[in-house]
Amino acid sequence: MSGDGDNGGGIGSGIGGAAGDGPRDRAGMTQGARATGGPDTGTDTGTDTGTDTGARAGAGSGVDAGADTGTAARLQKLFEGHRLTPTQRRIAHCMVRRAADAPFLSSVELAELAGVSQPSVTRFAVALGFDGYPALRRHLREVAPTEKPGDTGSYNEYQQAVQAEIDNLRHLAAALADPSPVIEAGRLFAASRPLPVLGLRAATAQAAGFSYFARKVHPDVRLLDEGGTMLTDRIDAAVRAGASALLCFALPRHPREVVDALEYARTAGLTVVTVADSAFAPVAHHTDLLLPAAVGTGLAFDTACAPMLLGRVLLEAMCDALPDAQARLEEFDARAAARGLFVE
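Residues numbered from 1 in each chain as written. Predicted model: local features only at pLDDT ≥ 70, side-chain atom pairs only at ≥ 80, totals over all residues. Heavy atoms only, no water.

1. Quick notes on the environment of S120
Heads up, the condition is: Where helices and strands are cited, they refer to DSSP runs of H or I of at least four residues and of E of at least two residues respectively, numbered from the N terminus. Definition of a polar contact: a pair of N or O atoms within 3.5 Å, with one able to donate and the other able to accept a hydrogen when the atoms are protein atoms, and with sequence-neighbouring residues admitted only if both atoms are side-chain atoms.
Relative to the helices and strands, S120 resides in helix α4 (residues 118-127). It is 8.7 Å that separates the C-alpha atoms of S120 and I91, two residues lying 29 residues apart in sequence. Within polar-contact distance, the side chain of S120 engages the side chain of S117 at 2.8 Å.

2. Some points on the nonpolar core
Worth spelling out the cut-off: Think of a nonpolar core as a cluster: buried Ala, Val, Leu, Ile, Met, Phe, Trp, Tyr and Cys residues, connected wherever their side-chain atoms sit within 4.5 Å. Only protein chains enter the accessibility calculation, which uses a 1.4 Å probe; a residue whose area is less than 20% of its type maximum is buried, one above 50% is exposed, and one in between is partly exposed.
If you look at the biggest cluster of nonpolar residues, it comprises 37 residues, and the most contacted ones within it are F189, F210, L247, L314 and M318. In terms of residue count, the dominant contributor to this core is helix α11 (residues 305-321) (7 residues). Within the second largest apolar cluster, 27 residues are counted, among which are L105, L110, F124 and F130.

3. Comments concerning the packing of helix α8 (residues 204-214) against α11
We count it as follows: For helices, the fitted axis covers only the stretch in contact; all axes are lines through C-alpha atoms, and the angles between them, taken along N-to-C directions, range from 0 to 180 degrees. Roughly parallel refers to an angle under 35 degrees, roughly antiparallel to one over 145, roughly perpendicular to one between 65 and 115, and oblique to any angle outside these ranges. By definition, any crossing whose near helix is turned counterclockwise from its far helix by less than a right angle is left-handed, and any crossing with a clockwise turn is right-handed. Whether two residues are in contact is decided by their heavy atoms, any of which lying within 4.5 Å being enough.
Running from N to C, α8 and α11 point in directions that differ by 25°, and their axes come no closer than 10 Å. Classified by the angle their axes make, α8 and α11 are roughly parallel. As for how α8 packs across α11, the hand of that crossing is right-handed. Contacts from Q206, G209, F210, F213 and A214 of α8 reach α11 at P307, M308, G311, R312, L314, L315 and M318.

4. Let's talk about the confidence of the model for the chain
Note the following rule: pLDDT gives the predictor's per-residue confidence on a scale running from 0 to 100.
In the predicted model, the chain carries a mean pLDDT of 80, and 77% of its residues have values of at least 70. Between residues 7-67, whose pLDDT stays under 50, and residues either more than four places distant or in other chains, the model counts 172 contacts.

What follows is the structure, encoded as structure tokens:
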């Protein structure tokens with residue numbers, strides 16, 4: 001797909017990632033949305049207090065990218081199908097994000113990273129079918145590469161944040177080895193007239209960036225970037241106008257309004273496609289097609305390079321499904337040149 005004169009060389013570039021919605025509240029980290037369970041309030045005296053100094057959970061690591069993504073995939077598969085409490089889903093989400101380190105973390109270290117109690121980590125391992133956390137960790141070491149993550153002590157906190165985003169992009173690249181979900185999403189977007197795009201708070205920039213470029217090739221894109229009572233009205237209006245699908249960008253911390261809006265959109269007959277930070281995000285139960293792309297959490301405000309790039313990939317897939325996309329881009333280029341719109 002050729003460029004449109006507005007993005008310096010094609011649909012693949014554009015607006016940067018969204019910042020978080022405030023300093024990260026560790027107690028409010030993503031609680032996922034696989035099966036819902038009861039509160040995690042019990043006590044567990046079976047502790048694993050040993051430490052493994054070979055693998056702290058620094059944001060960046062020198063571990064091989066293929067090994068890292070393979071571990072994340074195995075972890076994801078291990079957790080799926082289990083009925084986990086919100087606290088346990090938080091632990092699962094943390095382990096997926098820290099896939100390279102997970103086989104080497106003690107229960108105390110994992111509890112600190114996830115913002116939960118150490119007994120909660122033990123109960124989490126039992127919920128997965130293991131005798132305790134040491135058994136879970138032994139299993140992970142058996143199925144994961146034996147090499148521990150590289151030392152990142154020479155990196156300052158800013159470099160670690162960048163390295164973490166590089167790892168997130170590597171995970172995204174591995175996930176895109178199977179392009180069928182993205183292709184299906186592009187087909188849904190191309191067929192929906194209009195196409196509503198939802199993103200509130202931290203996800204506003206992602207939704208706005210997608211909508212800005214999508215309007216150059218799609219005849220009717222409607223950005224839903226404000227909550228309140230009007231949000232439902234705007235979804236209703238899109239449905240009445242003929243919309244068949246809705247794209248949502250859902251990033252932490254997840255606003256309750258987004259969950260409610262997706263639930264309403266599905267009852268209204270829309271097929272919901274969501275770009276979220278994790279397969280365990282609270283929006284998962286209200287999504288027909290969930291496309292995960294991790295956010296970076298090493299700074300005071302989340303970084304969202306992977307969700308932004310996944311949005312551009314979805315744009316490309318939509319263009320491939322729109323027969324007149326190239327013609328629309330060329331028409332825009334011609335008008336922009338006639339108007340002297342850009343200085344390049």
